[in-house]
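Here is how the chains run, residue by residue.
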Amino acid sequence: MRILIHTCCGPCLLPVAEKLAADGHEITAYFYNPNIHPRSEHERRLEAFRAVVEQAGLRTLPAPEYEPRAFFRAITFRESERCRLCYRLRLFETALAGRDDGFEAFTTTLLVSPHQDQERLREAGEAAGRAAGVGFHCEDLRPLFPRIREMAESLDLYRQKYCGCLYSEIEAEEGRRRKRKGRRRGT
Ligand code: SF4
């Protein structure tokens, strides 16, 4: 099957592309992540994506321009639902790109992460697929998660420290601060 892979970052693409290709699919990667904040982080992740694509010899569709306004338009005043809306935005755009290029299906590397909500990803992917007329290939890819670290380290790839958006950056920093405080108390 010809599958377009929505790709959140280079390290997650590695084991997913390897598996889908081994399963006999013809795969193409697509980097669309207007959620990533700030621009410099978006550039770093895009660079890592390009390194993986080159290393693995993968086909790609051109990555759209960085457009953070699309993310903020989607989630503003609905921040408590932001992950669902973020999935919807990225998967709908991927489904449209897949339809326009004649793909039979699309999927996402987000399915490899135990930090993402599989059920919400499935719902968002299926809804996007229905709207665009392209099938959503939904497969629990989380067993591949441990491979990401070893594969990324072997290629010396950048690995991000937060999910992507400004909110997740703040939460990750708060978590690190709490840990540091806990360690200081423990000494
Ligand atoms: S935490 Fe991650 S999935 Fe949720 S809105 Fe932010 S970038 Fe998107």
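Residues numbered from 1 in each chain as written. Predicted model: local features only at pLDDT ≥ 70, side-chain atom pairs only at ≥ 80, totals over all residues. Heavy atoms only, no water.

K.L.:
Teacher, can you tell me more about the nonpolar core here?
P.N.:
Counting 52 residues, the largest nonpolar core has Leu4, Leu13, Phe49, Phe106 and Val112 as its most contacted members. Contributions of two or more residues to this core are made by β1 (2-6), α1 (10-22), β2 (26-30), α2 (39-56), α3 (68-75), α4 (82-100), α5 (118-132) and α6 (145-154). With 7 residues, α4 is the single largest residue contributor to this core. Ignoring anything within four residues of it in the chain, the contact list for phenylalanine 106 reads Ile3, Leu4, Leu91, Thr94, Ala95, Gly125, Ala128, Gly129, Val134, Gly135, Phe136 and His137. (Core = buried A, V, L, I, M, F, W, Y, C linked by side-chain atoms within 4.5 Å. Buried < 20%, exposed > 50% of the residue type's maximum accessible area, 1.4 Å probe, protein only. Helix = DSSP H or I, 4+ residues; strand = E, 2+ residues; numbered from the N terminus. Contact = heavy atoms within 4.5 Å.)

K.L.:
What is the right way to look at the site of the ligand in this model?
P.N.:
Close to the ligand lie Asn35, Phe71, Arg82, Cys83, Cys86, Tyr87, Arg90, Gln116, Cys163, Gly164, Cys165 and Ser168. It is α4 that contributes the most residues to the shell around the ligand, 5 residues altogether. (Near = heavy atom within 4 Å.)

K.L.:
In this structure, what is going on with the pattern of salt bridges? I would like to understand it.
P.N.:
Pairing is possible between side chains that carry opposite charge, provided their charged atoms lie close to one another. According to the stated counting rule, one finds 17 salt bridges in the structure shown. Across the salt bridge formed by aspartate 23 and lysine 19, the nearest N and O atoms sit 2.5 Å from each other. With a relative accessible area of 42%, aspartate 23 lands in the partly exposed category. A salt bridge links glutamate 81 to arginine 84; the shortest N-O distance between them is 2.2 Å. The exposure class assigned to glutamate 81 is partly exposed, which follows from its relative accessible area of 30%. We classify arginine 84 as partly exposed; its relative accessible area is 27%. Salt bridges linked by common partners bring Glu173, Arg176, Arg177 and Arg180 together as one network. (Salt bridge = Lys/Arg side-chain N within 4 Å of Asp/Glu carboxyl O.)

K.L.:
Honestly, the sheet that holds strand β4 (residues 105-108) in this entry has me stumped. Any pointers?
P.N.:
The pairing of strands in a sheet comes from backbone hydrogen bonds and takes either a parallel or an antiparallel form. Sheet architecture is open: 5 strands sit in the order β3-β2-β1-β4-β5, paired in parallel fashion. In this open sheet, the two edge strands, each paired with only one partner strand, are β3 (59-60) and β5 (135-136). In terms of strand pairing, β1 meets β2 through 5 bridges, oriented parallel. Paired with histidine 6 across the bridge in β2 is tyrosine 30. Those strands touched by α4 are β1, β2 and β4, and its axis lies near 150° from that of β1. (Pairing = 2+ DSSP bridges. Axes fitted to C-alpha atoms, helices over the stretch in contact; angles between N-to-C directions.)

K.L.:
Would you explain the side chain of serine 168 in this entry?
P.N.:
Within the secondary structure, serine 168 sits in helix α7 (residues 166-186). Among residues more than four places away in sequence, those in contact with serine 168 are Arg82, Tyr162 and Cys163.

K.L.:
Hey, could you run me through the packing of aromatic side chains in this one?
P.N.:
Geometrically, a pair of aromatic rings is defined through the distance of the ring centres and the angle of the planes. Taken as a whole and assessed by the stated rule, the structure comprises 4 aromatic pairs. With centroids separated by 6.5 Å and ring planes inclined at 15°, the aromatic side chains of tyrosine 30 and tyrosine 32 adopt a geometry described as stacked. Here tyrosine 30 falls in the buried class, since its relative accessible area comes to 4%. Residue tyrosine 32 is classed as buried on the basis of its relative accessible area of 3%. Note on phenylalanine 106 and phenylalanine 136: the rings are 5.1 Å apart at their centroids and 45° apart in plane angle, and the pair reads as tilted. Here phenylalanine 106 is found in strand β4, whereas its partner phenylalanine 136 is found in strand β5, with 30 residues between them in sequence. The residues phenylalanine 106 and phenylalanine 136 share a single accessibility class, namely buried. (Phe/Tyr/Trp six-rings, centres within 6.5 Å; stacked < 30°, edge-to-face > 60°.)

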